[in-house]
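Coordinate analysis (summary)
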Amino acid sequence: MKVINHIKEIREARGIPQNVMAEAVGVSRQTMTAIEKGKYNPSLELSLKIARYFELPFEEIFYLEGKVK
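Anyway, here's the lowdown on the structure attached to this text. (Residues numbered from 1 in each chain as written. Predicted model: local features only at pLDDT ≥ 70, side-chain atom pairs only at ≥ 80, totals over all residues. Heavy atoms only, no water.)

**A look at unusual backbone geometry**
Within the chain, E55 stands out as a residue other than glycine whose phi angle is a positive 55 degrees. Residue class for E55 comes out exposed when judged on its relative accessible area of 71%. (Buried < 20%, exposed > 50% of the residue type's maximum accessible area, 1.4 Å probe, protein only.)

Below, the structure written as structure tokens:
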């Protein structure tokens, strides 16, 4: 199963530059790019930091594609 995220959409809707968000959550801009493109799944700790940064529930940012067996 693939983890899908809405980080880029939320970040852009709020007018937050990628480098500003990356610095706020403690990663490089390159790491944030990889996460937004779905090429890298963030750790649980980083995922929770992102949710806290946006002040949104985790489930509004991340979800699993497909059905859980």
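**Description of the nonpolar core**
Membership of the largest hydrophobic core comes to 14 residues, with the highest contact counts inside it found for I7, M21, M32, I50, F54 and I61. Going through the elements one at a time, α1 (7-13), α2 (18-25), α3 (29-36) and α4 (44-54) are the ones with two or more residues in this core. Top element by residues in this core is α4. It accounts for four residues. Sequence-distant contacts of M32, that is, excluding residues within four places in its chain, are made with I7, Q18, M21, A22, V25 and V27. (Core = buried A, V, L, I, M, F, W, Y, C linked by side-chain atoms within 4.5 Å. Helix = DSSP H or I, 4+ residues; strand = E, 2+ residues; numbered from the N terminus. Contact = heavy atoms within 4.5 Å.)

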